[in-house]
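# Understanding the architecture of this molecule
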Amino acid sequence: MNLNIYGDFFRNKRILITGNTGFVGAYLSLTLLMMGSKILGYALKKKDLRYISNTKEYKKKIKTIYDDISKISYHKSYIKRFKPQILIHLASQPILSRSYIESQATYETNVMGTVKLLELAKELKSLKNILVFTSDKVYKNTQKKNLNENFSLGGDDPYSASKSAQDLIANSYKYSFFEKNKNIFIIRAGNIIGGGDWEKTRLIPDLFISSYKKKNILLRNPNATRPWQHILDVINGILKLISVKGGKVSKKSLIYNIGPKSNKSIKVKDLILDFIKNSKIIKTKYEFQKLKFKEKKFLKLSSNAILKDINLNAKLNMDQTIKLTSDWYSMFFKNKANIFDFTKKEILFFFKSKY
Ligand SMILES: NC(=O)c1ccc[n+]([C@@H]2O[C@H](COP(=O)([O-])OP(=O)(O)OC[C@H]3O[C@@H](n4cnc5c(N)ncnc54)[C@H](O)[C@@H]3O)[C@@H](O)[C@H]2O)c1
């Protein structure tokens, strides 16, 4: 299954991806594999065997260094020999609730991990494009605002502050060290949904796991709104951005939001009701649970800049997002041995279809 889009930009490119064992990283690695890239991953191994990165096909096709990001300098000579041309940094402690419990570890991974990685990047002459994946949680004041890239950064909890710091650090490396020789891309993405995510504290994996176990799903923040989007739209955004802008070195950091098609944010409760209504495999009800930690109530992301600069718009609307996500989990519960091939077919279908 070969994918030749973006003018073959990624064919034979050598790409280092941190966090390639996770939800976003596995989809990204598989898509690039199908485009003919050579990939080296760097991440902790996922303990949950259901992750795509734990399938034998994934492990066979994608070489991963399994270690903590804080130890990346120990692997310097191996990474140098790989001669990466592109670096995509996804490795993070990505869970807001966990960041309250493991605040120091969250900062060590997300902040110092990024610093250690970018220090190593200084020594990689082959490297021309670096993409750091942050989040919509980097913005300071979000009450009822459609957030664009010019809003101030902030962060009232350890996860948000650490992602905000990641964003600032990446930008500082551009101006201090990489002005003439490397691009720095910073992507601030909204909430991502799709198959292959098994993080129990996230809404959609929790929904499918609860339903499979015939339990009700507990909603912490039912009236919160989020910019939900499908994983493949996010992958398309990352790759289109690098292929369009990565051919020459820009003077500035290239910073973009990536959000859903309609610029619309949907309430947690309504998203769950849509899933329950439209997915054949979900047989669960929801209950409310008291919020145990502070979480933003309103998040709305403007993707106008990326639409204007590289003509990127999400392909999938919410119904299609729900359908693809449901199809993935129902496939998994029917025949998990097929999940590697099924995900590749899903990727191919997404990129070949007009929608
Ligand atoms: N999923 C979303 O909705 C979403 C939205 C916006 C941004 N993001 C960002 O996307 C990135 C990937 O998140 P995900 O959703 O795939 O989560 P995930 O938990 O599935 O993946 C996280 C990845 O980071 C790696 N990692 C974590 N701690 C590490 C450490 N100390 N050393 C080395 N590797 C480490 C994990 O091994 C895994 O590969 C993160 O940077 C996250 O902040 C995610």
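All of these numbers come straight from a predicted model, not from anything done at the bench.

Here we come to the site of the ligand. Not every one of the 24 residues close to the ligand is listed here, only the nearest: Gly-19, Gly-22, Val-24, Ala-43 and Ser-92. It is helix H1 (residues 23–34) that contributes the most residues to the shell around the ligand, three residues altogether. Residues that form the shell around the ligand fall into these classes: eleven nonpolar, ten polar and three charged.

Moving on to the nonpolar core. In this structure, Ile-88, Leu-131, Phe-185, Ile-187 and Ile-238 are the most contacted members of the largest nonpolar core, which totals 81 residues. If sequence neighbours within four positions are ignored, Ile-187 has contacts with Leu-131, Phe-133, Thr-134, Gly-237, Ile-238, Tyr-256 and Ile-258. Tyr-139, Leu-147, Leu-299 and Leu-301 belong to the second-largest nonpolar core, a separate cluster that totals five residues.

A few words now on the packing of H1 against helix H12 (residues 339–352). Look at H1 against H12: their axes get within 10 Å of each other, and the N-to-C directions meet at 70°. With respect to H12, the axis of H1 lies roughly perpendicular. For H1 against H12, the interelement crossing comes out right-handed. Within the contact between the two elements, H1 uses Leu-30, Thr-31 and Met-34 and H12 uses Thr-343, Lys-344 and Ile-347. Tallied by class, the residues present in the contact of H1 with H12 amount to three nonpolar, two polar and one charged.

At a minimum axis distance of 9 Å, the contact between helix H5 (residues 103–122) and helix H6 (residues 158–176) shows a crossing angle of 10°. With respect to H6, the element H5 is oriented roughly parallel. Mapping the contact onto sequence places Ser-103, Thr-106, Tyr-107, Asn-110, Val-111, Thr-114, Val-115 and Leu-118 in H5 and Pro-158, Tyr-159, Ser-162, Lys-163, Ala-165, Gln-166, Ile-169, Ala-170 and Tyr-173 in H6. Across the contact of H5 with H6, the residue classes break down as ten nonpolar, six polar and one charged.

Cut-off values and rules
- Residues numbered from 1 in each chain as written.
- Predicted model: local features only at pLDDT ≥ 70, side-chain atom pairs only at ≥ 80, totals over all residues.
- Near = placed C-beta within 6 Å.
- Helix = DSSP H or I, 4+ residues; strand = E, 2+ residues; numbered from the N terminus.
- Nonpolar A, V, L, I, M, F, W, Y, C, P; charged D, E, K, R; others polar.
- Core = buried A, V, L, I, M, F, W, Y, C linked by C-beta atoms within 7 Å.
- Buried ≥ 20, exposed ≤ 12 C-beta atoms within 10 Å, placed from the backbone.
- Contact = placed C-beta atoms within 7 Å.
- Axes fitted to C-alpha atoms, helices over the stretch in contact; angles between N-to-C directions.
- Parallel < 35°, antiparallel > 145°, perpendicular 65-115°, else oblique.
- Left-handed = near helix turned anticlockwise from the far one by under 90°.

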